[in-house]
Amino acid sequence: MELEEIALSFSLVVQSDLRESGFLLADEKCNAMVWLGLYWNFKEEQRVNKLLISITKLLERIGKNPCIPLREIACVTGQIISMHTAVGKASWNASIMVSQEARSELIFWLNNITKRNGQYIDCFTEFDYRVYSDASSTGYGGFIVENEKYEIFGSWSHLEMSESSTWRELEAVKRILFSCENCPEGQYIQWYTDNKSVVSIIEKGSMKPQLQEKAIDIHNVCEAKNVSINPVWVPRSNNRKADMLSRVSDSEDWYGPHTCDRFASHYNTKCSKFNSKWWCPGTSGVDAFMHSWCNELNWLVPPPRLISRVVDKSVTEKSKGTLVIPLWRSAPYWPKVHDGSMFMSFIKDHRILSSKIVCKGRGNNGIFGDKKSLSLTSSILEDVSLASKNGTVSDKLQDLAHSIVNHLVGSRSDNTIKNYFSAFKKWQTFANSENLKAIPAEPIHVALFLTDLMNKDGV
């Protein structure tokens, strides 16, 4: 007898014994069964068809996005292994190649499973700080509610501008976290964002590798600073200040090879080592004045309001470097570098360069830049040209136009200029957000701006 006939005869004997024992047999259910962890199908090939469909769908998903849920991989793997007796070459003991991303995930859980175990199910309701953040196509911005003067903003590199909006929002959270030096350790932060995906990704992670990487970066920053953040979504209408900050172009991003660029950012540094105003990728440290300038050949192109501090620090530390400053003899910093007849003894050499070598950065609120930029000097020259009979400007008038700028800037102290600039920056931010022209300003627009300030401040 063949094996099939032997099996059939045994089956008939078993069925007969069961009936004689009083059991009722459901013949329609005897065509297939699950036994010893295997699926036994005597008539149909549903199991095989189901596996083929699962594999086909999985390959289609991988073709669209190689990052897929672990559940789907496990589903197909389980089906194949459950059929190993029938198809062979399938086992839970089979070897696979572990990717670097998978290894990173394992290391993450190795380092954090104990720390994260035992967390409260209910989120904390009392917070030490509240932070708002936002990201636009050109930059990022944020502020701490408990410290209104602590505003953080920066610009994206060209490569970063091409990233998704969610990537930029997550990167904004990361950079602002890095820059929040005023938040002591062990604090709870309520973090407001107008991007719902950011809330979900910070809390649960993402199936997209680049977004998952940002979620892990944010977690690592929190671990390093020993702070906890609770992301909360708010409507865009409640996040206007952070939105405006994300659109502010910093006039101090025009900084200038040497060993360290002290006033730079990741997209305009002239050295591999640099200091930045806020945290950004690759920075060697935030705030150049908090770091030693010794043992470096420093490239120093600070904003004018910081020149006095740069000179003082360079002299105190006896550091070496190249300092690039405007030739403003009436500026408050000028007596620190020139005694009226010659440059100070600590200045070994000097060169007077043409203003044409200054390239305008991304800021719209600076007064330095190329001929295409709207600077204070060019505005005055334009007015002089319009007022002249033949539309030309003589050399003497050009010199006088530059002198006006020197007198305007030199007539105020450093602190006054800083306050004026801060106030003007608020006006410019308002104007940009409402698509208004900041300079020259229309009276009605200024009145609307002042009304907005009174409504916000209650004064």
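Note that the structure is a prediction, hence the values are computed from the model and not measured.

S.K.: Sorry, what's going on with the overall build of the chain here?
M.R.: Along its length, the chain carries 16 helices and eleven strands. For the chain, with 459 residues in total, the buried portion stands at 33%. Carbon and sulfur atoms form 57% of the exposed surface of the chain, whose accessible area is close to 29800 Å².

S.K.: Hey, could you run me through the pairing of strand S3 (residues 129-135) in this one?
M.R.: Taken residue by residue, a regular strand's side chains alternate between the two faces of the sheet. With six of seven residues buried, S3 is to be regarded as a mostly interior element. The pairing of S3 with strand S6 (residues 188-193) spans four bridges and is classified as parallel. Note that in S6 the partner of Val 131 across the bridge is Trp 191. Bridging between S3 and strand S4 (residues 139-144) involves five bridges; their strand directions are antiparallel. Each bridged residue has a counterpart across the sheet, and for Asp 134 the counterpart in S4 is Gly 141.

S.K.: Looking at this model, I keep getting lost on the confidence of the model for the chain. Mind explaining?
M.R.: Reading predicted coordinates in detail is not appropriate for stretches of low pLDDT. Per-residue pLDDT for the chain has a mean of 78; in total, 73% of the residues score no lower than 70. Segment residues 251-256: pLDDT under 50, and 32 contacts once partners within four positions in sequence are set aside and those in other chains are kept.

S.K.: Please clarify how the packing of aromatic side chains should be interpreted in this entry.
M.R.: One pair of aromatic rings is described through two measures. These are the centre distance and the angle between the planes. Taken as a whole and assessed by the stated rule, the structure comprises twelve aromatic pairs. Relative to Phe 143, the ring of Tyr 132 lies with its centre 5.3 Å away and its plane at 5°, an arrangement referred to as stacked. With Tyr 132 in strand S3 and Phe 143 in strand S4, this pair connects stretches of sequence that are eleven residues apart. On the basis of relative accessibility, which here comes to 18%, the residue Tyr 132 falls in the buried class. Owing to a relative accessible area of 10%, Phe 143 belongs among the buried residues under this scheme. Relative to Trp 293, the ring of Phe 263 has its centre 6.3 Å away and its plane inclined at 85°; by these criteria the two rings are edge-to-face. With Phe 263 in strand S8 (residues 260-264) and Trp 293 in the loop between strand S9 (274-276) and strand S10 (297-300), this residue pair connects regions lying 30 residues apart in the sequence.

S.K.: Would you mind going over a nonpolar patch on the surface with me for this structure?
M.R.: The grouping of Ile 55, Leu 59, Ile 62 and Ile 80 at the surface amounts to a nonpolar patch, some 300 Å² of accessible area in total. The element that contributes the greatest number of residues to the nonpolar patch is helix H2 (residues 46-64), accounting for three residues. One can find Leu 59 in helix H2.

S.K.: Help me understand the pattern of salt bridges in this model?
M.R.: Side chains that differ in sign of charge can pair as their charged atoms come close. If you walk through the whole model with that rule in mind, you get eleven salt bridges. A salt bridge links Arg 175 to Glu 171; the nearest nitrogen and oxygen atoms lie 2.8 Å apart. Taken together, the positions of Arg 175 and Glu 171, both in helix H7 (residues 165-179) and four residues apart, correspond to about one turn of that helix. This pair shows no difference in class: Arg 175 is buried, exactly as Glu 171 is. With its nearest N and O atoms 2.6 Å apart, the salt bridge here joins Lys 273 to Glu 296. A residue pair is termed long-range when its members are at least 10 positions apart, and Lys 273 in the loop between S8 and S9 and Glu 296 in the loop between S9 and S10 qualify at 23 residues. Residue classification places Lys 273 among the partly exposed positions, given a relative accessible area of 32%. Glu 296 gets classed as buried once you look at its relative accessible area, which sits at 18%. A single salt-bridge network, built from bridges that share partners, covers Glu 160, Glu 171, Arg 175 and Lys 214.

S.K.: Whenever I open this one, the sheet that holds S8 confuses me. Can you help?
M.R.: Within a sheet, adjacent strands bond to each other through the backbone by hydrogen bonds, running parallel or antiparallel. With parallel pairing, the four strands of this open sheet are ordered in space as S9-S8-S10-S11. Pairing within the sheet leaves two strands with one partner each, and these edge strands are S9 and strand S11 (320-323). Put simply, the sheet's adjacent strands are angled 20° from each other on average, direction ignored. The sheet contact formed by S8 and S9 spans two bridges and is parallel. When the bridges of S9 are listed, Ala 264 appears paired with Ser 276.

S.K.: Whenever I open this one, the packing of H2 against helix H3 (residues 70-82) confuses me. Can you help?
M.R.: Think of two packed helices as two axes; the pair is described by the angle between the axes and how far apart they sit. Across the interface, H2 lies against H3 with an axial gap of 10 Å and an inter-helix angle of 150°. Taken together, H2 and H3 sit at an angle that is classed as roughly antiparallel. The interaxial crossing formed by H2 with H3 has left-handed handedness. Listed contacts from H3 to Arg 47, Lys 50, Leu 51, Ser 54, Ile 55, Leu 58 and Arg 61 of H2 are Glu 72, Ile 73, Val 76, Gln 79, Ile 80 and Ser 82. The class makeup of the residues in the contact of H2 with H3 is six nonpolar, three polar and four charged.

S.K.: How do you make sense of the environment of Thr 429 when you look at a structure like this?
M.R.: Take Thr 429: it is sitting in helix H15 (residues 414-433). Look at Thr 429 and you get buried, because its relative accessible area is 13%. With near-sequence residues (within four places) excluded, Thr 429 lies in contact with Met 244 and Val 248.

S.K.: In this structure, what is going on with the nonpolar core? I would like to understand it.
M.R.: Most often, soluble globular proteins keep nonpolar side chains buried together rather than apart. If you look at the biggest cluster of nonpolar residues, it comprises 27 residues, and the most contacted ones within it are Leu 177 and Trp 191. Sorting the residues of this core by element identifies S3, S4, strand S5 (147-155), H7, S6, helix H8 (196-204) and helix H9 (209-225) as the ones contributing at least two each. Per-element accounting of this core gives the leading share, six residues, to H7. The next biggest cluster of nonpolar side chains, apart from the first, holds eight residues, and it includes Phe 143, Phe 153, Val 234 and Leu 245.

S.K.: Explanation requested: H8 in the structure shown.
M.R.: One full turn of an α-helix is made of 3.6 residues, so residues set three or four places apart face in the same direction. Among the residues making up H8, those that are buried are Val 198, Val 199 and Ile 201. Where the residues of H8 are buried, they touch H7, S6, H9 and strand S7 (228-233). Where H8 begins, the side chain of Asn 195 points an oxygen toward the backbone nitrogen of Ser 197, at a separation of 2.9 Å. Gly 205 sits one or two residues past H8 and shows a positive phi near 90°.

About the cut-offs
Residues numbered from 1 in each chain as written. Predicted model: local features only at pLDDT ≥ 70, side-chain atom pairs only at ≥ 80, totals over all residues. Heavy atoms only, no water. Helix = DSSP H or I, 4+ residues; strand = E, 2+ residues; numbered from the N terminus. Buried < 20%, exposed > 50% of the residue type's maximum accessible area, 1.4 Å probe, protein only. Areas by Shrake-Rupley, 256 points an atom, 1.4 Å probe, with all protein chains shown as cover. Pairing = 2+ DSSP bridges. pLDDT = per-residue confidence, 0-100. Contact = heavy atoms within 4.5 Å. Phe/Tyr/Trp six-rings, centres within 6.5 Å; stacked < 30°, edge-to-face > 60°. Patch = residues over 30% accessible without salt bridge, like charges linked within 9 Å, V, L, I, M, F, W, Y side chains within 5 Å. Salt bridge = Lys/Arg side-chain N within 4 Å of Asp/Glu carboxyl O. Axes fitted to C-alpha atoms, helices over the stretch in contact; angles between N-to-C directions. Parallel < 35°, antiparallel > 145°, perpendicular 65-115°, else oblique. Left-handed = near helix turned anticlockwise from the far one by under 90°. Nonpolar A, V, L, I, M, F, W, Y, C, P; charged D, E, K, R; others polar. Core = buried A, V, L, I, M, F, W, Y, C linked by side-chain atoms within 4.5 Å. Polar contact = N/O pair within 3.5 Å; in protein donor to acceptor, adjacent residues only side chain to side chain.

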